[in-house]
Amino acid sequence: MADNSKDTTHFGFQTVAKDEKAGKVADVFHSVAAKYDLMNDLMSMGIHRIWKRFTIDCSGVRRGQRVLDLAGGTGDLTAKFSRLVGETGEVVLADINSSMLKMGREKLRNLGVAGNVSYVQANAEALPFPDNYFDCITISFGLRNVTDKDKALASMFRVLKPGGRLLVLEFSKPLLEPLSKVYDAYSFHILPRIGQLVANDAESYRYLAESIRMHPDQETLKQMMEDVGFENSTYYNLTGGIVALHRGYKF
Ligand SMILES: C[S@@+](CC[C@H](N)C(=O)[O-])C[C@H]1O[C@@H](n2cnc3c(N)ncnc32)[C@H](O)[C@@H]1O
């Protein structure tokens, strides 16, 4: 029998052709963009704000630095980085999806975020920036959706300056079995219902739950980062491992 595994990937629990996944992910985020922030607060009971705060605290970003908020969506991290880097610094919010970028740009404008932010539509697998360009890159709840994660990590490594760091905030593997069970029940039964009620879209939130289960666990992601060249890589389990923050350096 022919081995098609090189040409296929996961879209949640489905196996799809690699060249189909980006289109399917695009449909999800075009559909949820308008309700994305509200859903984040509802689904996580506001806890995503604490995970993001922790990411900022671990970033070490200072005045004057250049930061890439990749798969930045509606710009929660960008808004915080914009204040941290000040007028002499620069933040690029990059996302593959025009609807998410539009929501991000409007939100940050309403928040009065300064002119040190630019917006770029880009695929994480092929970043349109020079080598050795950013002091820090974050990708928050984005890597899970990327078709070729190794290619994306290698692309991030290329555009980081020596001494720069990558922070990957992503769902991960809960540490305790009882927590896993409650979390499964919540994700597969309650999440799609909230999605249906608030965003009129149960399917996208079913994909969210499935894509979380298919994402590499803590140790696997750490190894993937090391395989493309990141050093001193570590991770922090947040909320019992439901989420993990990975950090690695380019030297
Ligand atoms: C769950 S949202 C996260 C948004 C934001 N970073 C946050 O933490 O709230 C995932 C984002 O990843 C973006 N995305 C998916 N695949 C991507 C890719 N290949 N390259 C860049 N962005 C991508 C989506 O368009 C979406 O805006």
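The structure under discussion appears in the preceding block.
What comes next is a walk through the structure. As the structure is a prediction and not an experimental result, all values here were calculated from the model. (Residues numbered from 1 in each chain as written. Predicted model: local features only at pLDDT ≥ 70, side-chain atom pairs only at ≥ 80, totals over all residues. Heavy atoms only, no water.)

## Focus: the environment of Val120
Then, in step 1: Within the secondary structure, Val120 sits in strand S5 (residues 117-121).
Then, in step 2: Taking C-alpha positions, Val120 is 9.9 Å from Asn97, a pair spaced 23 residues apart along the chain.
Then, in step 3: With sequence-adjacent residues up to four places away left out, Val120 is seen in contact with Val92, Leu93, Ala94, Asp95, Leu101, Pro128 and Phe129. (Helix = DSSP H or I, 4+ residues; strand = E, 2+ residues; numbered from the N terminus. Contact = heavy atoms within 4.5 Å.)

## A look at the site of the ligand
Then, in step 1: For the ligand, the set of nearby residues contains 20 residues, the closest of which are Tyr36, Ala71, Asp95, Ala124 and Ser140.
Then, in step 2: One nitrogen or oxygen atom from the side chain of Tyr36 is found 2.8 Å from an oxygen atom belonging to the ligand.
Then, in step 3: When the ligand sits alone it has 600 Å² of accessible area, and the protein chains cover 96% of it.
Then, in step 4: Counting residues per element, the ones that place at least two in the shell around the ligand are helix H1 (18-32) and helix H2 (36-44).
Then, in step 5: Residue classes in the shell around the ligand are distributed as 10 nonpolar, eight polar and two charged. (Near = heavy atom within 4 Å. Polar contact = N/O pair within 3.5 Å; in protein donor to acceptor, adjacent residues only side chain to side chain. Areas by Shrake-Rupley, 256 points an atom, 1.4 Å probe, with all protein chains shown as cover. Nonpolar A, V, L, I, M, F, W, Y, C, P; charged D, E, K, R; others polar.)

## Regarding unusual backbone geometry
Then, in step 1: In the Ramachandran plot, Ala71 falls in the positive-phi region, its phi being about 55° despite a non-glycine side chain.
Then, in step 2: Counting through the fold element by element, Ala71 comes out in the loop between strand S3 (66-70) and helix H4 (76-85).
Then, in step 3: Unlike most non-glycine residues, Thr239 shows phi in positive territory, near 50°.
Then, in step 4: By the secondary structure assignment, Thr239 is in the loop between strand S8 (231-238) and strand S9 (243-249).

## A closer look at the packing of aromatic side chains
Ring pairs (aromatic) are described by centroid distance and by the angle formed between their planes.
Then, in step 1: Under the criterion given, the structure shown has 11 aromatic pairs.
Then, in step 2: Ring geometry for Trp51 versus Phe171: centroids 6.4 Å apart, planes at 80°, classification edge-to-face. Here Trp51 is found in helix H3 (residues 47-59), whereas its partner Phe171 is found in strand S7 (residues 160-171), with 120 residues between them in sequence. Judged on exposure class, the residue Trp51 and its partner Phe171 are both buried.
Then, in step 3: Relative to Phe251, the ring of Tyr249 lies with its centre 5.7 Å away and its plane at 5°, an arrangement referred to as stacked.
Then, in step 4: Accessibility expressed as a relative area gives 22% for Tyr249, which makes it partly exposed.
Then, in step 5: Given a relative accessible area of 53%, Phe251 falls into the exposed group.
Then, in step 6: Here the aromatic residues Trp51, Phe141 and Phe171 are joined through ring pairs into a cluster of three or more.
Then, in step 7: Positioned above the aromatic ring of Phe11 is the side chain of Lys24, whose terminal nitrogen or guanidinium carbon lies 5.6 Å from the ring centre.
Then, in step 8: It is Arg213 that lies over the ring of Tyr183; its NZ or CZ is 4.7 Å from the centre. (Phe/Tyr/Trp six-rings, centres within 6.5 Å; stacked < 30°, edge-to-face > 60°. Buried < 20%, exposed > 50% of the residue type's maximum accessible area, 1.4 Å probe, protein only. Lys NZ or Arg CZ within 6 Å of the ring centre and 35° of its normal.)

## Brief notes about the packing of H2 against helix H7 (residues 177-199)
Then, in step 1: Contact pair H2 / H7: the axes reach a minimum separation of 11 Å and the direction vectors enclose 145°. Regarding H2 and H7, the two cross each other, and that crossing is right-handed. Judged by residue contacts, Leu38, Met39, Leu42 and Met43 of H2 engage Tyr186, Leu191, Ile194, Gly195 and Val198 from H7.
Then, in step 2: Partitioning the contact of H2 with H7 into residue classes produces eight nonpolar, one polar and no charged. (Axes fitted to C-alpha atoms, helices over the stretch in contact; angles between N-to-C directions. Left-handed = near helix turned anticlockwise from the far one by under 90°.)

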